[in-house]
Amino acid sequence: MSTHHPDDALLLDYAAGAAAQGPALLVATHLTFCPHCRRNLAAMEQVGAALMETLAPQPVSADARQRVMAMLEDEPRIESAAAPSPVTAITGGPALPRAVRELVGAEIGALAWQPVLSGVDQILIDQTPDGGRTRLMRIRAGRAVPRHTHRGTELVCVLDGGFSDVSGHYGPGDVAAADDAVDHQPTADADRDCICLAVTEAPVRLTGRFWRLLNPFVRF
Ligand SMILES: [Zn+2]
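Residues numbered from 1 in each chain as written. Predicted model: local features only at pLDDT ≥ 70, side-chain atom pairs only at ≥ 80, totals over all residues. Heavy atoms only, no water.

Draft legend 1. How the structure looks around empty space enclosed by the protein. Scanning all chains against the criterion turns up one cavity of 30 Å³ or more. In this model, the largest cavity occupies a volume close to 170 Å³. Residue assignment for the lining of the largest cavity shows that the elements contributing at least two residues are strand E3 (133-139), strand E5 (154-160) and strand E10 (194-200). Broken down by class, the residue content of the lining of the largest cavity amounts to 10 nonpolar, three polar and two charged. (1 Å grid on protein atoms, 1.4 Å probe; cavity = no way out; pocket = protein on both sides within 12 Å on 5 of 7 lines; lining within 4 Å. Points joined across faces, edges and corners; volume = space filled by probe spheres on them. Helix = DSSP H or I, 4+ residues; strand = E, 2+ residues; numbered from the N terminus. Nonpolar A, V, L, I, M, F, W, Y, C, P; charged D, E, K, R; others polar.)

See below:
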């Protein structure tokens, strides 16, 4: 059971079909792990459907979003939302959620991982012209991603294993969100590689004493 969830604004964007492709994939991935968010999403969709019946189409304002969120607070929780069908890995290693599996074309154990930095590998899924990236990351057991901060938002959903940073520990299904106010060094659990889906709006900025010198050369 996940303990770190995407925030309500992101889930609401997802429910409204307004989330960008990368964040939408991340939310869909988290939902495969998290009955709590599946219930919230179902409630949001019910409210959304009710609004569609009563409102003429118009752009959603921040005020409208707040009102929807307030309505959701009052919404009785739906006890059971249908869980996505379980996925079984055919090759070795843990199974990927289906949406991710379809994009990368293989299970974790059969992927052609590209080394990025020492102890860190990736499978690039998508990138935007302004440097945003959606990718699978593998942090080897006990290894750390160099300390960095962000240009824009970084969303990470753990698929297997786990990692820790200044904000806590993240296990399978957990979502970690970081922005330019967060300077962290995610470190994989000692006993197992950490596999995660990472969505960044722009390349991160390395901040470690040595690594910062590499910023002009590393587009990580
Ligand atoms: Zn959740």
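Draft legend 2. A look at the sheet that holds strand E7 (residues 168-170). One open sheet holds the three strands; their spatial order is E7-E6-E9, and the pairing between them is antiparallel. What marks the edges here is a single partner per strand, and that holds for E7 and strand E9 (187-188). (Pairing = 2+ DSSP bridges.)

Draft legend 3. Highlighting the state of the cysteines. For the coordinates displayed, the defined rule picks out zero disulfides. This cysteine, Cys157, is not joined by any disulfide, and Cys196 carries the nearest cysteine sulfur, 8.6 Å off. (Disulfide = S-S within 2.5 Å.)

Draft legend 4. Representation of the packing of helix H1 (residues 8-15) against helix H2 (residues 21-33). Viewed as axis vectors pointing N to C, H1 and H2 meet at an angle of 100°, and their least axial separation amounts to 10 Å. In this view, H1 runs roughly perpendicular relative to H2, as classed from their interaxial angle. Residues Leu10, Leu11 and Tyr14 of H1 form the contact with H2, whose participating residues are Pro23, Ala24, Val27, Ala28 and Leu31. Its residues assigned to classes, the contact of H1 with H2 comprises eight nonpolar, no polar and no charged. (Axes fitted to C-alpha atoms, helices over the stretch in contact; angles between N-to-C directions. Parallel < 35°, antiparallel > 145°, perpendicular 65-115°, else oblique. Contact = heavy atoms within 4.5 Å.)

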